[in-house]
Amino acid sequence: MKKIYTLIAFLFCLGLLSAQITEDFEDMSINTQLSGIGWSPDHITAEIVANPFSGSQGNVLQVTTANYNAAPVLEITLEAGTTLSDYNSLQFQGYFASGDIGWKTIYVEAYPSVPTGQFANDENVRLGEWERAKGESSGWEAIDIPINQNDTYSETLSGTIYIAFGISANGTMSDNPAAEDAVWYADDITLSPDVSTFTKTIKADAEISTAPGNVTIASKSGSNIAIYSLSGAKVFNQDNAGGNISVNVAPGLYIVVVDNTTTKVVVQ
Ligand SMILES: [Ca+2]
């Protein structure tokens, strides 16, 4: 597992996987209103505010819900050629501040168009869920929700999609009203790709073969070639290369970069 995370981090460092999508709200003005869903439009307020807690979040999303089944909705555009099933987690920084916010399941839903209806009320649109077994937050929390629950549905979602996420909480406008509305915050909302999918689809404009202790690259002239170990160390580099290049390496997993394309190879 550690190796997989190292590979993901490494590929992100190289900028080879641009498919990670993050909303940090820094390009939105304070008081910008985001859309939401619920039993009634006045059951949800989703607004950009300055981080009211300690931390370097800058602008954050403040969510106030007055009834169950209300949540904010984010418009997100996926990278061309991908579907939502190419992403396997939704992560965000969360702060659950006041009202009925403790010991809740956090749900993630997706829609192909601007949603209507209630949040956390239709399992057909649910991507994933995670139990937050805690009361009020005492600091920003890193939350990571697997979203592979409904891949058959996720495969149908591409381009611009709508993500609803959060908790279903009691508030002042429910049938059995709470004393106060629920208030929680989110920032750095990130869709992370399933790296196994992406490494499969990235192909170098070259033929790469391996033998015990060796990588051979046959490329067109003028190619820029680099080989990285899984730890991110550059073990070989040659610009303006061409023809057959043979590189001796220790056994292991390597990333071969030819111009802007990559191939993952295993050397015995
Ligand atoms: Ca932010």
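The rules behind each value
The residue count restarts for each chain, going from 1 along the sequence in the order it is written. Only residues with pLDDT of at least 70 get local features here, since the model is predicted, and only at 80 or more are side-chain atom pairs given and counted; chain-wide, interface and lining totals rely on the full set of residues. Helix numbers and strand numbers start at the N terminus; a helix is a DSSP run of H or I with at least 4 residues, a strand a run of E with at least 2. Neighbour density around each residue's C-beta defines its exposure: 20 or more other C-beta atoms within 10 Å make it buried, 12 or fewer make it exposed, and counts between make it partly exposed, where C-beta atoms are placed from the backbone. In this description, a residue-residue contact is defined by the distance between C-beta atoms placed from the backbone, which must lie within 7 Å. Under the definition applied here, buried Ala, Val, Leu, Ile, Met, Phe, Trp, Tyr and Cys residues are grouped into a nonpolar core through C-beta atoms within 7 Å. A pair of strands is treated as paired once DSSP finds two or more bridges between them. The predictor's confidence in any single residue is recorded as pLDDT, a number from 0 to 100.

## Thoughts on the overall build of the chain
And then number 1: When helices and strands are counted, the chain shows three helices and 17 strands.
And then number 2: Looking at the chain as a whole, 34% of its 268 residues are labelled buried.
And then number 3: At a minimum sequence separation of 6, the contacts of the chain that also span at least 24 residues come to 72%.

## Some words on the nonpolar core
And then number 1: Membership of the largest hydrophobic core comes to 43 residues, with the highest contact counts inside it found for Ile-163, Phe-165 and Trp-184.
And then number 2: Within the residue set of this core, elements represented by two or more residues are β4 (44-50), β5 (59-65), β6 (71-77), β7 (87-98), β8 (104-111), β11 (160-166) and β12 (182-193).
And then number 3: Counting residues per element, this core draws most heavily on β12, at six residues.
And then number 4: The contacts of Phe-165, once residues within four sequence positions are left out, are Ala-71, Leu-90, Ile-106, Tyr-107 and Val-108.
And then number 5: In this structure, Tyr-228, Tyr-254, Val-257 and Val-258 belong to the second largest nonpolar core, which totals 10 residues.

## Focus: the sheet that holds strand β3 (residues 36-37)
And then number 1: Pairing is antiparallel across the open sheet formed by five strands, whose spatial order is β3-β6-β11-β8-β9. Every interior strand has two partners, whereas the edge strands, β3 and β9 (126-132), have only one.
And then number 2: The pairing of β6 with β11 spans five bridges and is antiparallel. Note that in β11 the partner of Ile-76 across the bridge is Ile-161.

## Some thoughts on the pairing of β4
And then number 1: Across two bridges, strand β2 (residues 33-34) lies against β4 in antiparallel orientation. Residue pairing for β4: Gln-33 is matched across the bridge by Glu-47.
And then number 2: Both β4 and β5 contribute to a ladder of seven bridges, which runs antiparallel. Note on β5: the bridge partner recorded for Ala-46 is Val-63.

## Details of the environment of Ile-245
And then number 1: Along the polypeptide, Ile-245 turns up in strand β15 (residues 234-248).
And then number 2: The class of Ile-245 is partly exposed, set by 17 C-beta atoms lying within 10 Å.
And then number 3: Sequence spacing of Ile-245 and Ile-217 is 28 residues, and the spatial spacing of their C-alpha atoms is 5.2 Å.
And then number 4: The residues contacting Ile-245, other than those within four sequence positions of it, are Thr-216, Ile-217, Ile-225 and Gln-238.

## Comments concerning the confidence of the model for the chain
And then number 1: For the chain, mean pLDDT is 88; residues scoring 70 or higher make up 88% of the total.
And then number 2: Here residues 12-18 scores under 50 on pLDDT; set against residues more than four positions off or in separate chains, the count is 10 contacts.
And then number 3: Residue range residues 197-203 is modelled with pLDDT below 50. Its contacts to residues more than four positions away, or to other chains, number 10 contacts.

## Remarks on the environment of Pro-251
And then number 1: Mapped onto the secondary structure, Pro-251 falls in the loop between β15 and β16 (252-258).
And then number 2: A residue is classified by how many C-beta atoms lie within 10 Å of it, and Pro-251, with 11 of them, is exposed.
And then number 3: When the C-alpha positions of Pro-251 and Gly-213 are compared, they lie 5.7 Å apart, and in sequence the two are 38 residues distant.

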